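As a plain string of letters, each chain reads:
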Amino acid sequence: MNDKVAGDIRAQLGLRPVINVSGTMTSLGASIVVPEAVSAITRVLSEFVEMGDLHRRASTAIAELTGAEAGFVTASCSAAISLAVAAAITGDNLWAIEQLPDTGTLRNEVLIQTGHMVSYGAPVEQAIRIAGGKVVPIGQATSAHAYQLAGAITERTVAAVFVVSHHVVDYAQIPLKTFAEVCHARGVKVIVDAASEYDLRKFLADGADVVLYSGHKFLGGPTSGICAGDKDFVRNIYLQNRGIGRGMKVGKEGIAGVITALEAWKTRDHDGIRARERAALDLWVETLDARPGVIARIVPDPTDNPLDRLKVAIDPEAARITAWDLASAMARGDRPVIVRDHEAEHGHFFLDPCNLHPGEETVVAQRLVEELERAQRSNEMIFTPLAERWLAQEAAILNWPD
Ligand SMILES: *Cc1c(COP(=O)(O)O)cnc(C)c1O
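Note that this is a predicted model, so its numbers are computed, not measured.

Undergrad: Just checking my understanding: could you explain the pattern of salt bridges for this structure?
TA: Two side chains bearing opposite charge may form a pair once their charged atoms approach each other closely. Per the counting criterion, the structure on display carries 16 salt bridges. One salt bridge in this structure joins Asp282 and Arg278, with 3.5 Å as the shortest N-O distance. With a gap of 4 residues between them, Asp282 and Arg278 both fall in helix α13 (residues 270-288), about one helical turn apart. When its relative accessible area of 36% is taken as the criterion, Asp282 is described as partly exposed. A salt bridge links Glu371 to Arg374; its shortest N-O distance comes to 3.1 Å. Residue Glu371 and its partner Arg374 are located together in helix α16 (residues 360-377), separated by 3 residues, close to a single helical turn. Arg374 sits in the partly exposed class, given a relative accessible area of 42%. In the salt-bridge network here, residues are joined through shared partners; they are Arg274, Arg278, Asp282 and Asp308.

Written out as structure tokens, the structure reads:
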């Protein structure tokens, strides 16, 4: 551990050595890039390559893993949404590609279920709009039906975006298979945002014309977005590099990194990783057992990724601290532990073991105990009104770089 800390780039840059128990969070640097990709990135950086050929090689690697005809690598999954929408609008019309986001007389309406109009750090519908797409919401926040989708398709409709994520409303939405059938019956392309999903084949099998992943989430690649789909569609995405895709491009290091991360994925020891994650979860369950006001339970991933998390529910009366104040307390100090707290107002947060370095699970356990014991000793219950917490977070962003 000491050797690691001594050589830690974060110390050199004056950054706090974060322990990430929140999952694959872009705001923390996404994921641990697999060693194979780190090596490929380092080796390619000082060389010249023919980018068209490198992209072709990536296409083959993506096709092999996903079963798609072709693939393309861009800057991020968010970029991939924009470029897929752009491709649906322009086809291979090079002139139209240069005109975006102006779409002239081209079809540009893009359907999306209202319950899928989420934020992954930025609004998904904005990713559609910057490509010139006009967002047409389907249904209401808490329900959408196939007849509403079919009814919204007009001669202006060009594509439909389907989001697979723990962020989306998880009931009463149109399932992908039905969604794709309705769209395909009327010549509408289906773009699936599966940024954070492990399954590289299911969404294409269920009817996606193109499926989009983040290269830097579970795949353990560098910051990137991966598109997989029909050859013509993917080519039209590639062509956007001559238009709005220019500012969303990924360099040689990103492409080489994605190719090697995909190859490493084929031989990754998924069972070994799960066993290690399970050991961390068990340690935390044991650590939290019988602590006043704390109920810890292992729960599966909401979108069926092969991954469990620890749900830590806090009764503030007994624990003398709220779930969100405990999350904030863990994040302070010189060994910050960042928990998964996007639902903290429900009185719980999650501990996600998927991005831990060996030994860090023990630090997480120690920090939990420290903060829970500190709360037990405090005279008053530690309780920050939620509105205050949100305003403080907003103020902090607006104050950057100070
Ligand atoms: C993370 C995420 C994105 C954005 O991915 P980036 O590659 O970071 O741009 C888009 N959609 C969903 C559902 C996500 O979880």
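There is more to say, and it comes next.
Undergrad: I'm lost on the site of the ligand in this one. Help?
TA: Taken together, 13 residues lie around the ligand, and Cys77, Asp193, Ser214, His216 and Lys217 are the ones closest in. Interatomic distance of 2.7 Å between a side-chain N/O atom of Ser214 and an oxygen atom of the ligand. In isolation the ligand exposes 380 Å². Once the protein is present, 93% of that is buried. Of the residues belonging to the shell around the ligand, the class tally is 5 nonpolar, 6 polar and 2 charged.

Undergrad: What should I look at first to understand the packing of aromatic side chains in this one?
TA: The geometry of two aromatic rings is summed up by the distance between their centres and the angle between their planes. All chains considered together, the criterion is met by 5 aromatic pairs. Residues Tyr198 and Trp265 carry aromatic rings whose centres are separated by 5.6 Å and whose planes lie at 50° to one another, so their mutual orientation is tilted. Placement of Tyr198 in the loop between β6 (189-193) and α10 (202-205) and of Trp265 in helix α12 (residues 252-267) is noted, with a sequence separation of 67 residues between them. The pair formed by Tyr198 and Trp265 is uniform in burial state, with each residue classed as buried.

Undergrad: What am I meant to see in the pairing of β6 here?
TA: The side chains of a regular strand alternate between the sheet's two faces. Of all 5 residues that make up β6, 4 are buried, and the element is covered over most of its length. Two elements, strand β5 (residues 157-163) and β6, share 5 bridges in a ladder whose sense is parallel. Following the sheet pairing, Val163 is matched in β6 by Asp193. Assessed by its sense of winding, the connection that carries the chain from β5 through helix α9 (residues 176-184) to β6 is right-handed.

Undergrad: I'm lost on the nonpolar core in this one. Help?
TA: Within soluble globular proteins, side chains that are nonpolar tend to cluster in buried spots. If you look at the biggest cluster of nonpolar residues, it comprises 46 residues, and the most contacted ones within it are Leu111, Leu149, Phe179, Val192, Phe203, Val211 and Leu262. Among residues more than four places away in sequence, those in contact with Val192 are Phe162, Val164, Leu176, Phe203, Ala208, Val210, Val211 and Leu212. Core analysis: the next-biggest nonpolar cluster, separate from the first, contains 37 residues, Ala131, Val161, Val168 and Ile191 among them.

Undergrad: What is the right way to read the domain arrangement of the chain from this model?
TA: When the parts of a complex come together, some accessible area is lost, and that lost area is often taken as the interface size. In terms of domains, the chain is made up of domain 1 (2-28 + 269-398) and domain 2 (35-265). Placing a centre on the C-alpha atoms of domain 1 and another on those of domain 2 gives a separation of 32 Å. For the pair domain 1 and domain 2, the summed buried surface comes to about 950 Å²; carbon and sulfur atoms form 57% of the total. By the criterion of area lost to domain 2, the three top residues of domain 1 are Thr24, Thr303 and Asn305, representing 45% of everything that side buries. Where domain 1 packs against domain 2, one counts 0 salt bridges. Across the side of domain 1 that touches domain 2, the residue classes break down as 4 nonpolar, 6 polar and 1 charged.

Undergrad: For this particular structure, what's the right way to read the packing of helix α5 (residues 77-90) against helix α11 (residues 231-238)?
TA: The description of two helices packed together rests on the angle between their axes and the distance between the axes. Running from amino to carboxyl end, α5 crosses α11 at an angle of 110°, the nearest separation of the two axes being 8 Å. By the angle class used here, α5 and α11 are roughly perpendicular. Regarding α5 and α11, the two cross each other, and that crossing is right-handed. Every residue of α11 that contacts α5 at Leu83, Ala84, Ala87 and Ala88 is listed here: Phe233, Asn236 and Ile237. The residue makeup of the contact of α5 with α11, split by class, is 6 nonpolar, 1 polar and no charged.

Undergrad: Any chance you could explain the side chain of Arg309 here in plain terms?
TA: Examined against the element boundaries, Arg309 turns out to sit in strand β10 (residues 308-314). Its relative accessible area of 6% is what places Arg309 among the buried residues. Beyond its immediate sequence surroundings of up to four residues, Arg309 is in contact with Leu281, Arg297, Ile298, Val299, Asp301, Pro302, Arg340, Phe350, Leu351 and Asp352.

Undergrad: How do you make sense of the environment of Asn241 when you look at a structure like this?
TA: Summarising the element assignment, Asn241 is placed in the loop between α11 and α12. On the basis of relative accessibility, which here comes to 23%, the residue Asn241 falls in the partly exposed class. Sequence separation between Asn241 and Glu98 is 143 residues; the distance between their C-alpha atoms is 9.8 Å. Beyond its immediate stretch of four places on either side in the chain, Asn241 contacts His55, Phe72, Arg246 and Lys249.

Undergrad: What is the right way to look at α16 in this model?
TA: Note that an α-helix has 3.6 residues per turn; residues three or four places apart therefore point the same way. An ideal rise of 1.5 Å per residue puts 26 Å on 18 residues; α16 measures up with 26 Å between its terminal C-alpha atoms. Regarding α16, the residues found buried are Glu360, Val363, Val364, Ala365, Arg367, Leu368, Val369, Glu371, Leu372 and Ala375.

Thresholds applied
Residues numbered from 1 in each chain as written. Predicted model: local features only at pLDDT ≥ 70, side-chain atom pairs only at ≥ 80, totals over all residues. Heavy atoms only, no water. Salt bridge = Lys/Arg side-chain N within 4 Å of Asp/Glu carboxyl O. Helix = DSSP H or I, 4+ residues; strand = E, 2+ residues; numbered from the N terminus. Buried < 20%, exposed > 50% of the residue type's maximum accessible area, 1.4 Å probe, protein only. Near = heavy atom within 4 Å. Polar contact = N/O pair within 3.5 Å; in protein donor to acceptor, adjacent residues only side chain to side chain. Areas by Shrake-Rupley, 256 points an atom, 1.4 Å probe, with all protein chains shown as cover. Nonpolar A, V, L, I, M, F, W, Y, C, P; charged D, E, K, R; others polar. Phe/Tyr/Trp six-rings, centres within 6.5 Å; stacked < 30°, edge-to-face > 60°. Pairing = 2+ DSSP bridges. Right-handed = clockwise from strand over helix to strand, strands pointing away. Core = buried A, V, L, I, M, F, W, Y, C linked by side-chain atoms within 4.5 Å. Contact = heavy atoms within 4.5 Å. Domains from an automatic or database assignment. Buried area = accessible area lost by both parts, 1.4 Å probe. Axes fitted to C-alpha atoms, helices over the stretch in contact; angles between N-to-C directions. Parallel < 35°, antiparallel > 145°, perpendicular 65-115°, else oblique. Left-handed = near helix turned anticlockwise from the far one by under 90°. Expected span 1.5 Å × (residues − 1).

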